[in-house]
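# A look at the structure
Listed below are the residues making up each chain.
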Amino acid sequence: MAFAVSLLALSALPGRAAPLHGIAMHGEPALPPDYKHFSYVNPDVKKGGRIAYGVVGTFDNLNPFILKSMRTTARGVWDPEFGNLVYESMMQRSRDEAFTMYGLLAETVEWDEDRTFVQFNLNPKAHWADGKPVTPEDVIFTFELLRDKGRTPFNRRLEGVGKLEKLGEHSVRFTFNDKADRELPLLLALSPILPKHAIDVETFDRTSLAPPLGSGPYRVKEVKPGEEIVYVRDPDYWGKDIPSKIGFDNYDEISVEYFLQENTLFEAFKKGEIDLYQEGNPTKWARGYDFPNALSGAVVKDSIAPKTPSGMLGFVFNTRRPVFQNQDLRKALTLVFDFEWVNRSLFENAYKRTESYWQNSDLSSMAAPADAREREIAGPALARIEPDILAGTHRLPRTDGSGRDRKVLREAMDYFEKAGYAIKDGRMVDAGGKPLVFEIMTQNADQEKLALAYQRFLAALGVRAGIRTVDDSQYQSRSQTFDYDIIIKAFPSSLSPGIDQISYWGSISRERQGSSNFAGVADPDVDRIIDAMLRARTAEDFRSAVRLHDRMLLSGYYVVPLYHLGQQWVAHSKHIARPETVPLYGFQFPTWWDARAQ
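Residues numbered from 1 in each chain as written. Predicted model: local features only at pLDDT ≥ 70, side-chain atom pairs only at ≥ 80, totals over all residues. Heavy atoms only, no water.

## Quick look at the overall build of the protein
Each helix and strand in the protein was counted, giving 15 helices and 28 strands. Against the compact-globule benchmark of 25 Å for 598 residues, the protein has a radius of gyration of 25 Å, which places it among compact chains. Its C-alpha atoms put the protein at 80 × 60 × 45 Å along the principal axes. Every one of the 598 residues in the protein was classed for burial, and the buried ones make up 57%. Expressed as a percentage of contacts within the protein between residues at least 6 apart in sequence, the contacts between residues at least 24 apart total 72%. Within the protein, one finds 74 positive and 81 negative side-chain charges whose respective centroids are separated by 3 Å. (Helix = DSSP H or I, 4+ residues; strand = E, 2+ residues; numbered from the N terminus. Rg over C-alpha atoms; globule rule 2.2 N^0.38 Å. Buried < 20%, exposed > 50% of the residue type's maximum accessible area, 1.4 Å probe, protein only. Contact = heavy atoms within 4.5 Å. Lys, Arg positive; Asp, Glu negative; His and termini not counted. Charge placed at Lys NZ, Arg CZ, Asp CG, Glu CD.)

## Observations regarding the layout of surface pockets
Computed from the structure, the second largest pocket encloses a volume of approximately 430 Å³. Along the walls of the second largest pocket sit 20 residues, with Arg156, Lys179, Asp181, Ile502 and Leu534 positioned nearest its centre. Counting residues per element, the ones that place at least two in the lining of the second largest pocket are helix H2 (184-190) and helix H14 (524-535). Sorting elements by how many residues they give to the lining of the second largest pocket places H14 first, with 5 residues. (1 Å grid on protein atoms, 1.4 Å probe; cavity = no way out; pocket = protein on both sides within 12 Å on 5 of 7 lines; lining within 4 Å. Points joined across faces, edges and corners; volume = space filled by probe spheres on them.)

## Quick look at the sheet that holds strand S13 (residues 228-233)
The mixed open sheet is built from 4 strands, whose spatial order is S3-S14-S13-S12. Edge positions in the open sheet fall to strand S3 (50-56) and strand S12 (218-224), since each of these has one partner strand only. The average angle at which neighbouring strand axes cross in this sheet is 20 degrees, direction not considered. Pairing of S13 with strand S14 (residues 253-259) involves 5 bridges; the strand directions are antiparallel. Across the sheet, the residue bridging to Val232 is Glu253, located in S14. With respect to the sheet, helix H3 (residues 262-270) is in contact with S3 and S14, its orientation differing from that of S3 by roughly 160 degrees. (Pairing = 2+ DSSP bridges. Axes fitted to C-alpha atoms, helices over the stretch in contact; angles between N-to-C directions.)

## Thoughts on a positive patch on the surface
Judged by side-chain charge, Arg404, Arg406, Lys407, Arg410 and Arg456 come together as a positively charged surface patch. For the positive patch, the element with the most residues is helix H10 (residues 406-418), which contributes 3 residues. With respect to the helices, strands and loops of the structure, Arg406 is situated in helix H10. (Patch = residues over 30% accessible without salt bridge, like charges linked within 9 Å, V, L, I, M, F, W, Y side chains within 5 Å. Areas by Shrake-Rupley, 256 points an atom, 1.4 Å probe, with all protein chains shown as cover. Salt bridge = Lys/Arg side-chain N within 4 Å of Asp/Glu carboxyl O.)

## Section: unusual backbone geometry
Put simply, Thr152 and Pro153 share a cis peptide bond, and its omega is 5 degrees. If you check the backbone angles, Arg115 has positive phi at about 55 degrees while not being a glycine. Take Arg115: it is sitting in the loop between strand S7 (106-111) and strand S8 (117-122). Look at Arg115 and you get buried, because its relative accessible area is 9%.

## As for empty space enclosed by the protein
Empty space among the atoms becomes apparent when a probe as large as a water molecule is rolled across them. Summed over all chains, the structure comprises 7 cavities of 30 Å³ or more. Its boundaries defined by the atoms lining it, the largest cavity holds a volume of some 80 Å³. Every residue along the wall of the largest cavity is listed here: Glu355, Tyr357, His394, Leu396, Leu553, Leu554, Tyr557, Tyr558, Val559 and Pro561. Elements supplying a minimum of two residues to the lining of the largest cavity: helix H15 (539-556) and strand S24 (559-561). In the lining of the largest cavity, the residues fall into 8 nonpolar, 1 polar and 1 charged. Empty space within the second largest cavity amounts to approximately 60 Å³. For the lining of the second largest cavity, the class distribution of residues is 6 nonpolar, 4 polar and 1 charged. (Nonpolar A, V, L, I, M, F, W, Y, C, P; charged D, E, K, R; others polar.)

## Structural notes on the sheet that holds strand S26 (residues 568-573)
An order of S15-S26-S16 is seen for the 3 strands of this open sheet, with the pairing classed as antiparallel. The open sheet has two edge strands, strand S15 (276-279) and strand S16 (299-304), and neither has a second partner. Going from strand to strand, the sheet's axes swing by 20 degrees on average, the running direction of each strand aside. Across 6 bridges, the pairing between S16 and S26 is antiparallel. By the bridge assignment for S26, Val300 is matched with His572. Each of S15, S16 and S26 touches H3; the most contacted strand, S15, lies at about 135 degrees to it.

## What about the pattern of salt bridges?
For the structure on display, the rule yields 36 salt bridges. Note that Arg50 is salt-bridged to Glu253, the shortest N-O span being 3.3 Å. Of the two residues, Arg50 is situated in strand S3 and Glu253 in strand S14; the sequence distance between them amounts to 203 residues. Relative accessible area serves as the criterion here: at 30%, Arg50 is assigned to the partly exposed category. A salt bridge links Lys331 to Glu386; the shortest N-O distance between them is 3.0 Å. Of this pair, Lys331 sits in helix H6 (residues 327-336) while Glu386 sits in the loop between helix H8 (372-378) and helix H9 (387-391); the two residues are 55 residues apart in sequence, bridging distant segments of the chain. Across this residue pair, the class does not change: Lys331 and Glu386 are buried. Through salt bridges that share partners, Arg321, Glu439, Arg468, Arg478, Asp483 and Asp485 make up one connected network.

## Focus on the packing of aromatic side chains
Applying the stated rule across the entire model yields 41 aromatic pairs. Where Tyr53 meets Phe82, the ring centres are 4.0 Å apart and the plane angle is 5 degrees; that geometry is what we call stacked. One end of the pair, Tyr53, is in strand S3; the other, Phe82, is in the loop between S3 and strand S4 (88-89), with 29 residues separating them in the sequence. Judged by relative accessible area, Tyr53 falls into the buried class, the value being 2%. Between Phe347 and Tyr351, the aromatic rings sit 4.9 Å apart at their centres with planes inclined by 85 degrees, giving edge-to-face as the arrangement. Like Tyr351, Phe347 is buried. One cation-aromatic arrangement involves Arg93 over Phe99; the distance from NZ or CZ to the ring centre is 4.3 Å. The side chain of Arg95 reaches across the aromatic face of Tyr585, ending 5.3 Å from its centre. (Phe/Tyr/Trp six-rings, centres within 6.5 Å; stacked < 30°, edge-to-face > 60°. Lys NZ or Arg CZ within 6 Å of the ring centre and 35° of its normal.)

This is the structure we're talking about:
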């Protein structure tokens, strides 16, 4: 790759495009150039007060961009949930559009119709917390540093870049090579920018608790390793008045407290030590909020229905294990799971069965027969997709809820036999007489409860499943090194899936430790379909590619689908308030505020 720093006159630059206030993956940004703020914020909120977040885990590092930090970085430094408090990106994503970016560190952006390049024109007002300006040299330094010493996905961002150069005093241009796709400009816009003058390249990839210097709205005030990190508002934050930041970053102080177990975190919330708790257990949501602070009104329960895809939660087969490389076996094991029993016996029928990776959205293959464009993209892979999945009529079996529905178990047994297994002396064995035995790794009591139910269903056909519940540190370590037979994982789905699908399902990520390819998928057809998603120019072509991807994953039976709520549940202290308007992607905590400061 060629890198250069040039002071060319911008007006003389070939391929010069008109500066834009925002860019969208497909179509045009919804907001006009003169927009004042995002639709889902309160622009008149008074800043002040504080909030205490709680998380399960630990931390020993303040650098979120290196491999050593993947499970032990303090939350908040660079955080999609609590906000990027210290570091910022060149553009800010709107959470009320599928995938649209608006100016942040970059005041404007330029690209051409074919997306052969993207140019970011930095805001001259942008500066680091020490007052020094954010420069094109910082941008170039950051991408080179993360390429050499960063973790996935940051270390791969330059793979599609053929040339990176400084233009004028405030601009940086990325010219793409043949490895780039149409999503890359937006991913570059989303990437963190670090200060060249404040980072030691030699020690960057080492664990550190030194407070980082950023351009963001907060500074690190206090660090208690493994226990708590406190952020304080930077009164000189440069971006507080730009449209994409109006109504954000409303607390004077933010603390993130760490707990070893979920139960301990919930107890702290009940006592008022934590201000916000995200609930995912329907039984607890219905019955567990009878503690004094909830009964008195000091704690408020809040729920909304996001307009986003369901995603996929399920038992994931590690196909790196030889036993799970048999697709018929994976399908048999999928059919054995009795969702109706689980939903009634464990969750009071609160859940819906997940049957698509993009359920509840137009990107789902459910009730949508494959169109001509899908069939064209699929090519020979069309024969690998089950007919009912291709027709959009596929549904997982509805059982009688007994946990031993004979009709469903007979269907499962057909696939066990097709995979070369039979029941002998009460045990499922292969053609050589070897019993079918594996282990399910779980992280907490809720996962263990699900695994115990699955264990019971499997035992009805002589399949022996062990269960091993490990602590958070061991779970994260074994997840990242793919050291498990079956694991329970969630695959979030957005309205603009892109390069994240390579991490989940791409061949290139199968053996890459720290990737999210928990199933170990390495399939050229899946790779080709993901590439079609990334190269789609129209919304229609994109939808067809995603639906085809959905069909391939469903036909592969890599995951035993579990369930989804269709609701986002949050309980919070009464004094924590939020905007009335909830965006497409649901609750956005960085837009909430402390009502006591109003």
